[in-house]
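Fold and contact review
What follows is the residue order along each chain.
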Amino acid sequence: MGPVATPFLTQVKRRDAPDYYEVIRRPMDLATMSKKLRGLQYNSKDEFAVDIQLIRDNCYAYNTEPGNIY
């Protein structure tokens, strides 16, 4: 994986973002997705896609200033 993926490889640490779990109610990361894949917990491609979208949505929700339309 490239350096752009690095922040999404593992769970967000509280020491790195103390308020993350107050802002984000459904955290997701690529390691958790990998574990779910190995455990055959995805029943469809859509479920997998939902988790990918959740990573993106969480990123925008936590890192975007309120009122910023981009």
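For the structure, check the block above.
Residues numbered from 1 in each chain as written. Predicted model: local features only at pLDDT ≥ 70, side-chain atom pairs only at ≥ 80, totals over all residues. Heavy atoms only, no water.

**As for the packing of helix H2 (residues 30-38) against helix H3 (residues 45-63)**
- Look at H2 against H3: their axes get within 10 Å of each other, and the N-to-C directions meet at 170°. The angle between H2 and H3 places the two elements in the roughly antiparallel class. Contacts between H2 and H3 pair Leu30, Met33, Lys36 and Leu37 from the former with Phe48, Asp51, Ile52 and Ile55 from the latter.
- Here the contact of H2 with H3 is composed, by residue class, of six nonpolar, no polar and two charged. (Axes fitted to C-alpha atoms, helices over the stretch in contact; angles between N-to-C directions. Helix = DSSP H or I, 4+ residues; strand = E, 2+ residues; numbered from the N terminus. Parallel < 35°, antiparallel > 145°, perpendicular 65-115°, else oblique. Contact = heavy atoms within 4.5 Å. Nonpolar A, V, L, I, M, F, W, Y, C, P; charged D, E, K, R; others polar.)

**Describing the environment of Glu22**
- Mapped onto the secondary structure, Glu22 falls in helix H1 (residues 20-23).
- Judged by relative accessible area, Glu22 falls into the exposed class, the value being 57%.
- The sequence separation of Glu22 and Pro66 amounts to 44 residues, and the corresponding C-alpha distance is 16 Å. (Buried < 20%, exposed > 50% of the residue type's maximum accessible area, 1.4 Å probe, protein only.)

**Some points on the layout of surface pockets**
- Counted as a void, the largest pocket has a volume near 320 Å³.
- Lining of the largest pocket is provided by 18 residues; of these, Pro7, Phe8, Val12, Tyr20 and Met28 occupy positions nearest its centre.
- Elements with a minimum of two residues in the lining of the largest pocket: H1 and H3.
- Counting residues per element, the lining of the largest pocket draws most heavily on H3, at five residues.
- Here the residues of the lining of the largest pocket sort into eleven nonpolar, six polar and one charged. (1 Å grid on protein atoms, 1.4 Å probe; cavity = no way out; pocket = protein on both sides within 12 Å on 5 of 7 lines; lining within 4 Å. Points joined across faces, edges and corners; volume = space filled by probe spheres on them.)

Purely spatial values, then, with no claim about function.
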